[in-house]
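Analysis of the macromolecular model
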Amino acid sequence: MKRYLDDQYINNFKEDFKFLFKIIKNSCGEYDLRLRDNYFNLYYQGNSLAKIIFSPNEYQISIHRKFVTDNDKEQSFYSSDKRFNPPQSQGEYLVYRVDKELLHPFFQEKYLNKIASRITRINNGEEITFEQMLITDNLNRENLIIIDRQVTEPGLKQRIDLLALKQVTNNQYRFIVLEVKLGKNRDIQGKVVGQLDGYLKHINDNFTSWKDSYEKTYQQLKLTGIYENPSYNDIEIVKDVAGYV
């Protein structure tokens, strides 16, 4: 399990994306940032708006073509801005290579609003909307941190919807798995309970790896200033793991 950035990228992360951290903080949960293995996802209303990969001299930014094109046209609205090189097409995604000096122009309010409006129109489902509500309603709590979303790694058959940390005492927290399902069908309920049990077993079986990863994740997210609470710069994750549907 690894959901954080290597040390060589930390200073770039802190300095190059200061403007973006401010946008996220002022959005009251509409925009969200989640760390991955040397990249991060920028979310809007629960949908992944962009994947930003770190590399030594530039950033690779992947955006689903339906978020940056009109009526399935091949060219995106970035095409008229000559500061940006044409993107590479990778399946359903357009991949831009952007120097750090152009990050702020690339993610300027005008372009973010255009992407956000397309995401809103597409609407990827009630469960994603509910996930977003859970995150927004629990921002900056001392006793509960939603530390990650859409969590996967080898050995997990499906993605965990939301992963939270619940305070035990002081800066000690434990994992809470939150699985979001809308429906009352008994067959669905039984399947989800089995799915949740599988998640808990996987985390318990790999507890040290998950603990180390998410303690680092928390530490790096605190550097952004997006989350004022909890007030601790570092936390310790302890057993036991719990889960809720």
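Residues numbered from 1 in each chain as written. Predicted model: local features only at pLDDT ≥ 70, side-chain atom pairs only at ≥ 80, totals over all residues. Heavy atoms only, no water.

**With respect to the overall build of the protein chain**
As a reminder, the rule being used: Secondary structure follows DSSP: runs of H or I at least 4 residues long count as helices, runs of E at least 2 residues long count as strands, and numbering of each begins at the N terminus. As a reference, a globule follows 2.2 Å times the number of residues to the power 0.38, and the radius of gyration itself is taken over C-alpha atoms. The rule is simple: take the accessible area with a 1.4 Å probe, protein chains only, and divide by the maximum for that residue type; under 20% is buried, over 50% is exposed, in between is partly exposed. Any two residues having at least one pair of non-hydrogen atoms within 4.5 Å are treated as being in contact. For accessible areas, the Shrake-Rupley method is used with a probe of radius 1.4 Å. Any residue's cover is judged against the shown protein chains and nothing else. Positive charges come from Lys and Arg, negative ones from Asp and Glu, while His and the chain ends are left out of the count. For the purpose of locating charges, the reference atoms are NZ of Lys, CZ of Arg, CG of Asp and CD of Glu.
Counting its secondary structure elements, the protein chain contains seven helices and eleven strands. Taken over C-alpha atoms, the radius of gyration comes to 19 Å for the protein chain, in line with the 18 Å a tight globule of 245 residues would show. By its C-alpha atoms, the protein chain is 55 × 45 × 30 Å across when sized along the principal axes. Looking at the protein chain as a whole, 47% of its 245 residues qualify as buried. Contacts in the protein chain between residues far apart in sequence, at least 24 positions, make up 60% of those at least 6 positions apart. Total accessible area on the protein chain stands at roughly 12700 Å², and carbon and sulfur atoms take up 45% of it. A gap of 3 Å separates the mean positions of the 35 positive and 34 negative side-chain charges of the protein chain.

**Digging into unusual backbone geometry**
The bulk of non-glycine residues show a negative phi, and the bulk of peptide bonds are trans. Of note, the amide linkage connecting Asn229 to Pro230 takes the cis form, showing an omega dihedral of 0 degrees. Here Pro230 shows up in the loop between helix 7 (207–224) and strand 10 (236–237). Here the residue pair Lys239 and Asp240 is connected by a cis peptide bond, since its omega of 15 degrees sits within 30 degrees of zero. Its place among the elements puts Asp240 in the loop between strand 10 and strand 11 (242–244). You will see that Asn140, though not glycine, has its phi angle at about 55 degrees, which is positive.

**So, empty space enclosed by the protein**
Heads up, the condition is: Cavity: a set of points on a 1 Å grid over the protein atoms alone where a 1.4 Å probe fits but cannot get out. Pocket: an open set with protein on both sides within 12 Å along at least five of seven lines, its lining residues, like those of a cavity, having an atom within 4 Å of a point. Grid points are joined across faces, edges and corners, and a volume is the space filled by probe spheres set on the points.
For the coordinates displayed, the defined rule picks out one cavity of 30 Å³ or more. By volume, the largest cavity is sized at about 180 Å³. If you go around the largest cavity, you meet 16 residues; those closest to its centre are Asn140, Ile145, Ile146, Tyr227 and Asn229. When residues of the lining of the largest cavity are traced back to their parent elements, those giving at least two are strand 7 (144–151) and helix 7. With four residues, strand 7 is the single largest residue contributor to the lining of the largest cavity.

**Regarding the nonpolar core**
Worth spelling out the cut-off: As used here, the term nonpolar core means buried Ala, Val, Leu, Ile, Met, Phe, Trp, Tyr and Cys residues forming a set that is joined through side-chain atoms within 4.5 Å.
Ranked by internal contacts, the top residues of the largest apolar core, which has 63 residues, are Phe17, Leu49, Ile61, Tyr78, Phe107, Phe175 and Trp210. Among residues more than four places away in sequence, those in contact with Tyr78 are Ile63, Val68, Phe84, Tyr96, Phe106, Tyr111 and Ile115. In terms of nonpolar packing, the next biggest core, distinct from the first, is built from nine residues, Leu162, Ile176, Val180 and Ala242 among them.

**Brief notes about the side chain of Gln132**
For the record, the criterion: Here a polar contact is taken to be a pair of N or O atoms separated by no more than 3.5 Å, where protein atoms must pair a possible hydrogen donor with a possible acceptor and residues adjacent in sequence count only if both atoms sit in side chains.
Looking at the element boundaries, Gln132 is found in helix 5 (residues 126–137). A polar side-chain atom of Gln132 sits 2.3 Å from the main-chain carbonyl oxygen of Gly29. When neighbours within four sequence positions are excluded, Gln132 is seen to be in contact with Gly29, Glu30, Gln45, Gly46 and Arg149.

**Examining the pairing of strand 8 (residues 160–169)**
Each regular strand carries side chains that alternate between the two faces of the sheet. Applied cut-off: Strands are treated as partners if at least two bridges between them are detected by DSSP.
As paired elements, strand 7 and strand 8 share six bridges and run antiparallel to each other. Bridging across to strand 8, Ile146 finds its partner in Ala164. When strand 8 meets strand 9 (residues 172–178), the two strands line up antiparallel, connected through seven bridges. Paired with Lys166 across the two strands is Arg174, which belongs to strand 9. Linking strand 8 to strand 9, which pair antiparallel, is a turn of two residues; within it Asn170 sits at a positive phi near 50 degrees.

**Description of helix 7**
Heads up, the rule is: Each helix should span, by expectation, one fewer than its residue count multiplied by 1.5 Å.
The end-to-end C-alpha distance of helix 7, which contains 18 residues, comes to 26 Å, matching closely the 26 Å that a straight helix rising 1.5 Å per residue would cover. All buried positions along helix 7 are accounted for by Phe207, Trp210, Lys211, Ser213, Tyr214, Glu215, Thr217, Tyr218, Gln220, Leu221, Lys222 and Thr224. The first or second residue beyond helix 7 is Gly225, which carries a positive phi of 75 degrees.

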